[in-house]
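# Structure assessment
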Amino acid sequence: DNPLLAFSLIKRLHSGWPNVVYSDEATRNTQALHAGLGEVEQELPGAEDLDGAARALMRLQDVYALSVKGLASGVFQRAGQPPLYSPGRRVPLSADDCFHVGKVAYDTGDYYHSIAWLEEAASLFRLSYGSWNLEDRSSLEDALDHLAFSYFMAGNISHALSLSREFLRYDPSNQRVSRNVAKYKKLLETGTGASASPLQRPNSTRLQSRDAYEELCQRPRGQVGLQLLQLSCSYETNSSPYLLLQPAKKELVRIQPYVALYHDFITDAEAETIKGLAGPWLQRSVVASGEKQQKAEYRISKSAWLKDTADPVVRALDARIAAVTGLDPRPPYAEHLQVVNYGLGGHYEPHFDHATSRKSPLYRMKSGNRIATIMIYLSAVEAGGSTAFIYANFSVPVVKNAALFWWNLRRNGNGDGDTLHAGCPVLAGDKWGAGNAQMPWITGKRIPDTMANKWIHEHGQEFRRPCSADPQD
Ligand SMILES: O=C(O)CCC(=O)C(=O)O
Ligand SMILES: [Fe+2]
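Everything quoted here is computed from the prediction, not taken from an experiment.

Over its 17 residues, helix α3 (residues 47-63) runs 24 Å from end to end, which matches the ideal 24 Å to within 8%, given 1.5 Å per residue. Taken residue by residue, α3 has L50, A53, A54, A56, L57, M58, R59, L60, Q61, D62 and V63 as its buried positions. Remark: A65 follows α3 within two positions and exhibits a positive phi of approximately 50°.

Have a look at this one:
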């Protein structure tokens, strides 16, 4: 559950194991160790996993405004605020862990993050200088070197100079760093060095609404906001015989856009069944990009599609979705159930579920646009992972076994611009969901953290959700 522990575990499985196999101590058992590593190597985290885990920590740092010093010491703290999450056991990161995160930022030219993490790495290395840790792949010199260059690139020449001088104390014969010292001195003397402006987080063109999104993710649970007076909780039978004996427990969350949360929509046992069925099929989630589908940094999760023939539980879920929403959730009028699992730092940045362009691959189904979404939370999370509605200015925390429903389209078939929404990064725990969007989906966070989505489409719902007399409606 603890993202810091998840990161160090991934890092140790990626680099700790080869460290042992190729160490001098291992010579006597070389054969056996090499063979053993060969057998499990495919299953171990790769370089992409480790770098992704480092980016996940930076994402959590940004979205939840966490201090890097705090994270390195194992606490999830924002300046002057109570911790967002207090793990049962506080586990600090090592100097080498911090170096690795900083290096991932450094390699992409992101000096905002590299400076914060390499500063932490350098101070931790300074504290333990002289003692040697078998698992370390980096050193104080590496941290000083990369930190000095990051400061130089950020326009802070005097910092770059003092760090390079500190480096030379440990490694006086390094020609490259000696030349840098001369260069920095000259820049400072002639006053041609850029002046240090406060470092900015790298721009994300996708996230114009970044501030609003992050504020919603950080918002404490239960802070609903406006419109309270018109909201209500009710038992719904929806004229469905299916719901007569056990009505749906509906909490109206928002009127425009229309968003409702159905509590106890599934049982714990059903949630476990769905997670178990989807588990072996989970693959990195993709997003629509023009006419294609591809992986994207703005959606990090794994997902799998479940047909209703997969298990009676999935079929029963379709019947429940039909009863509660009054819509037809069977393909082709809806997509199959999508089960989603968000792992370390998993998220889905602000997006619409409906297509905003006629070119979208969504229209290949020939069943119209996605009229509605229903998303079932299959797990609880310890912190983070809310579903945030950016323009509508509210967020819904993960409520295990509840289903969140909203209309993506207006009655006239136009997309409802107020439905821009996001899955906030999971701070601690595992989010699972499932859903479908004519009503397709159950989306989730990791296994313990999953959801199921169903997206329901327009066609087939003409008599279930007719247009109204007002063409604007
Ligand atoms: O995970 C969430 O809370 C939202 C997921 C979502 O928007 C989607 O899967 O389309
Ligand atoms: Fe969505």
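So much for the structure itself; the text now carries on.
On average, residues of the protein score 88 in pLDDT, and 92% of them are at 70 or above. This stretch, residues 438-448, has a pLDDT under 50; its non-local contacts, to residues over four places away or in other chains, come to 127 contacts.

So, on to the sheet that holds strand β14 (residues 394-396). Read from one edge to the other, the open sheet built from five strands follows the order β7-β10-β16-β13-β14, with strand pairing classed as antiparallel. In this open sheet, the two strands that pair with only one neighbour each are β7 (299-300) and β14. Sheet topology note: the β7/strand β10 (residues 347-351) ladder contains two bridges and is antiparallel. In the strand pairing of β10, R299 is matched with Y348. Its contacts with the sheet put helix α10 (residues 210-218) on β10, β13 (387-389), β14 and β16 (421-423), and the angle it makes with β10 is roughly 130°.

On to the packing of aromatic side chains, then. With the rule as written, the count across this model stands at 13 aromatic pairs. Ring geometry for F389 and F394: centres 4.8 Å apart, planes at 5°, overall stacked. Of the residues examined, F389 reaches a relative accessible area of 0% and is grouped as buried. Of the aromatic side chains, those joined through ring pairs into one cluster are Y106, Y111, F149, F152 and Y184. Directly above the aromatic system of W455 lies the positively charged group of R370, at a separation of 4.1 Å from the ring centroid.

We now examine the coordination of the iron ion (ligand 2). Every protein donor of the iron ion (ligand 2) is listed here as H351 (NE2), D353 (OD) and H421 (NE2), and their distances to the metal cover 2.1 Å. Positions of the donor residues of the iron ion (ligand 2) along the chain correspond to the pattern H-x1-D-x67-H. Just as H351 is buried, D353 falls in that class too.

So, on to the state of the cysteines. Counted by the stated rule, this structure contains one disulfide. Put simply, C217 and C424 are joined by a disulfide, and their sulfur atoms are 2.1 Å apart. Because the sign of the S-S torsion sets the handedness, a value of about -90° for the bond joining C217 and C424 places this disulfide among the left-handed ones. You can see C217 sitting in helix α10 and its partner C424 sitting in the loop between β16 and β17 (426-429), a full 207 residues away along the chain. Relative accessible area serves as the criterion here: at 6%, C217 is assigned to the buried category.

Moving on, we come to the environment of R90. Assignment of secondary structure puts R90 in the loop between α4 (68-72) and α5 (95-107). Looking at R90, the relative accessible area reads 53%, which means it is exposed. With 86 residues separating them in the primary sequence, R90 and L4 have C-alpha atoms 9.5 Å apart. Each residue touching R90, except ones within four places of it in the same chain, is listed here: S73, G74 and V75. One polar contact links the side chain of R90 to the main-chain carbonyl oxygen of S73, over a distance of 2.6 Å.

Parameters and conventions
- Residues numbered from 1 in each chain as written.
- Chains lettered and ligands numbered in written order.
- Predicted model: local features only at pLDDT ≥ 70, side-chain atom pairs only at ≥ 80, totals over all residues.
- Heavy atoms only, no water.
- Helix = DSSP H or I, 4+ residues; strand = E, 2+ residues; numbered from the N terminus.
- Expected span 1.5 Å × (residues − 1).
- Buried < 20%, exposed > 50% of the residue type's maximum accessible area, 1.4 Å probe, protein only.
- pLDDT = per-residue confidence, 0-100.
- Contact = heavy atoms within 4.5 Å.
- Pairing = 2+ DSSP bridges.
- Axes fitted to C-alpha atoms, helices over the stretch in contact; angles between N-to-C directions.
- Phe/Tyr/Trp six-rings, centres within 6.5 Å; stacked < 30°, edge-to-face > 60°.
- Lys NZ or Arg CZ within 6 Å of the ring centre and 35° of its normal.
- Donors = N, O, S within 2.8 Å, 3.2 Å for Na, K, Ca; no water.
- Disulfide = S-S within 2.5 Å.
- Polar contact = N/O pair within 3.5 Å; in protein donor to acceptor, adjacent residues only side chain to side chain.

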